[in-house]
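Survey of secondary and tertiary structure
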Amino acid sequence: EMEAQYSKKMQALREELDLRRKTEVHEVEERKNNHISELMRNHEKAFNDIKSYYNDITLNNLALISLLKEQVEEMKKKENQLEKEKGDVLLENKQLKEPLQQAQEQVAELQKKLVHYDKDKEALLNTRARLKVAQKELKDLQWEHEVLEQRFSKVQAERDELYQNFTKAINEVQQKAGFKNLLLERKLKGLLGVLEKKEVELSEVLAASNLEPGAISLVSHKLEDVLNSKNATIKDLQFQLAQVCKAHDDMLQTFEAKLMASGIPLDNLGFKPLASSTLGR
């Protein structure tokens, strides 16, 4: 009974499942058919769109080809016309080439002349400016020349007077200095001779007197005092002689500097001033 019951249930379930399967299969087939129909419609629409698009492109291309053919024909005409014009222009250029070359040469020559003209014009302006400056400098120099001539005349007169005074002063100074130097040298030589003579006489007296050592020492001290006094006198005379010689030499240097400042050569004196050698000795 249970087997029969379950067999019955199984049969009912199997029928129910079979019905459900058929129903689902029917729905799937219906959806498939609908999807196929929709795809076919879409494809047909797309095909029609593509067909119309390409038809439009074809028509446009045909129109463009026709237009381009017309343009090519027109361009060929223009090309022929341009070739003809080119021949005419080449012929005209050939005819104008020689005048153009001549005109270019003339332009180059005129440009050179223009450059030289500008340079000459600038040089002329500079020369005029320099001429004005030179004229002003010439006037200044002429005025300075006149002033210098007057000063030169005055300096010449002063030079002549200075030359005369210098010659006279040199002669007088040389005579005075020579005479004084001679007197001092003679006096110095005389003192030196007397000193030597006194020393010899003193030695002879001391040798002949046979004095005691104490007396000899006293006499020696007195003699040394006398000699120191005489040496001091000799140094004073030598110092006076050196002062006179230095004054003489300073005066010579001063007059030589005056002569050189006045433009008078030393050779024009007619004699060579005597320089003293006492200072060095």
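Residues numbered from 1 in each chain as written. Predicted model: local features only at pLDDT ≥ 70, side-chain atom pairs only at ≥ 80, totals over all residues. Heavy atoms only, no water.

Attention now moves to the overall build of the protein. What the protein contains, in helices and strands, is two helices and zero strands. In the protein, buried positions account for 9% of the 281 residues. The contacts of the protein with a sequence gap of at least 6 include a subset with a gap of at least 24, amounting to 86%. Of the accessible surface of the protein, which amounts to about 24500 Å², a share of 57% is contributed by carbon and sulfur atoms. (Helix = DSSP H or I, 4+ residues; strand = E, 2+ residues; numbered from the N terminus. Buried < 20%, exposed > 50% of the residue type's maximum accessible area, 1.4 Å probe, protein only. Contact = heavy atoms within 4.5 Å. Areas by Shrake-Rupley, 256 points an atom, 1.4 Å probe, with all protein chains shown as cover.)

Where charged atoms from two side chains of opposite charge come close, those side chains can pair. In total, this model carries six salt bridges according to the counting rule given. In this structure, the salt-bridge partner of E16 is R20, at a minimum N-O distance of 3.6 Å. Of this pair, E16 and R20 both sit in helix 1 (residues 2-209), four residues apart, roughly one helical turn. Where K136 meets D140, a salt bridge forms, and the shortest distance between an N and an O atom there is 3.4 Å. With K136 and D140 both in helix 1, this residue pair falls four residues apart, about one helical turn. A cluster of three or more residues bridged by salt bridges with shared partners is formed by D18, R21 and K22. (Salt bridge = Lys/Arg side-chain N within 4 Å of Asp/Glu carboxyl O.)

Attention now moves to a nonpolar patch on the surface. A contiguous nonpolar surface patch, about 270 Å² in accessible area, is contributed by M10, L13 and L17. Its location among the elements puts L17 in helix 1. Look at L17 and you get partly exposed, because its relative accessible area is 43%. (Patch = residues over 30% accessible without salt bridge, like charges linked within 9 Å, V, L, I, M, F, W, Y side chains within 5 Å.)

To describe a pair of aromatic rings, you give the distance between the ring centres and the angle between the ring planes. Tallied over the entire structure, the rule returns one aromatic pair. A cation over an aromatic ring shows up here: K9 above the ring of Y6, its NZ or CZ 5.4 Å from the ring centre. (Phe/Tyr/Trp six-rings, centres within 6.5 Å; stacked < 30°, edge-to-face > 60°. Lys NZ or Arg CZ within 6 Å of the ring centre and 35° of its normal.)

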